[in-house]
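# Structural overview for review
Listed here are the chains, written in short residue letters.
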Amino acid sequence: LYEQQDKWAYKDDYIERLKKYAERAGMGEKRTEACLRNKELKDAIIKDIKESQEKFGVSRTPTFVFIAPKKEPVILEGPQPYDVFRELVKKNVENPSELYRFEKYEFRE
């Protein structure tokens, strides 16, 4: 999705292209449509984008902000292999259960 972003995200038919990616990922048409219509989700994403830009200087996708307890945030831009995240956790977190929990957005049909 991110590797191909320049080929779909800035096109006039970006919604249709995004739907095709969602279908290939197994999301299903009803769930995809529900996600696209979900104003609460859209507002939350826009809020997160603005906060990330202001707080961490995020300017591209994907950007990962790794926040470990009592440590400075680590900002990773661009796609990253799994090993990068594993090493971050090993180096920065004594007890992995201390990691911040991520919010889960629900897609309602």
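Overview of the structure.

### A short note on the pattern of salt bridges
Within the structure shown, the criterion is met by seven salt bridges. Residue Glu-16 pairs with Lys-19 through a salt bridge whose shortest N-O separation is 3.4 Å. Of this pair, Glu-16 and Lys-19 both sit in helix H2 (residues 14-24), three residues apart, roughly one helical turn. On the accessibility criterion, Lys-19 (22% relative accessible area) is partly exposed. The salt bridge partner of Lys-19 is Glu-33, with a shortest N-O separation of 2.7 Å. Here Lys-19 is found in helix H2, whereas its partner Glu-33 is found in helix H3 (residues 29-37), with 14 residues between them in sequence. A relative accessible area of 24% means that Glu-33 is categorised as partly exposed. One continuous salt-bridge network, built from bridges that share partners, spans Glu-16, Lys-19 and Glu-33.

### Considering the packing of aromatic side chains
Counting across every chain of the model gives two aromatic pairs. On the basis of an interplanar angle of 50 degrees and a centroid distance of 5.8 Å, the ring pair of Trp-8 and Tyr-21 is categorised as tilted. In this pair, Trp-8 sits in helix H1 (residues 5-8) while Tyr-21 sits in helix H2, placing the two residues 13 residues apart along the sequence. By relative accessible area, which is 21% here, Tyr-21 ends up partly exposed.

### A closer look at the packing of H2 against H3
Across the interface, H2 lies against H3 with an axial gap of 10 Å and an inter-helix angle of 135 degrees. Here H2 is positioned oblique relative to H3, judged by the angle of their axes. Taken as a pair, H2 and H3 cross one another with a handedness that is right-handed. Taken together, the residues of H3 that come into contact with H2 (itself represented by Ile-15, Leu-18, Lys-19 and Ala-22) are Thr-32, Glu-33 and Leu-36. Residues that form the contact of H2 with H3 fall into these classes: four nonpolar, one polar and two charged.

Reading the values: rules and limits
- Residues numbered from 1 in each chain as written.
- Predicted model: local features only at pLDDT ≥ 70, side-chain atom pairs only at ≥ 80, totals over all residues.
- Heavy atoms only, no water.
- Salt bridge = Lys/Arg side-chain N within 4 Å of Asp/Glu carboxyl O.
- Helix = DSSP H or I, 4+ residues; strand = E, 2+ residues; numbered from the N terminus.
- Buried < 20%, exposed > 50% of the residue type's maximum accessible area, 1.4 Å probe, protein only.
- Phe/Tyr/Trp six-rings, centres within 6.5 Å; stacked < 30°, edge-to-face > 60°.
- Axes fitted to C-alpha atoms, helices over the stretch in contact; angles between N-to-C directions.
- Parallel < 35°, antiparallel > 145°, perpendicular 65-115°, else oblique.
- Left-handed = near helix turned anticlockwise from the far one by under 90°.
- Contact = heavy atoms within 4.5 Å.
- Nonpolar A, V, L, I, M, F, W, Y, C, P; charged D, E, K, R; others polar.

Keep in mind that these numbers describe shape and distance, not what the molecule does.
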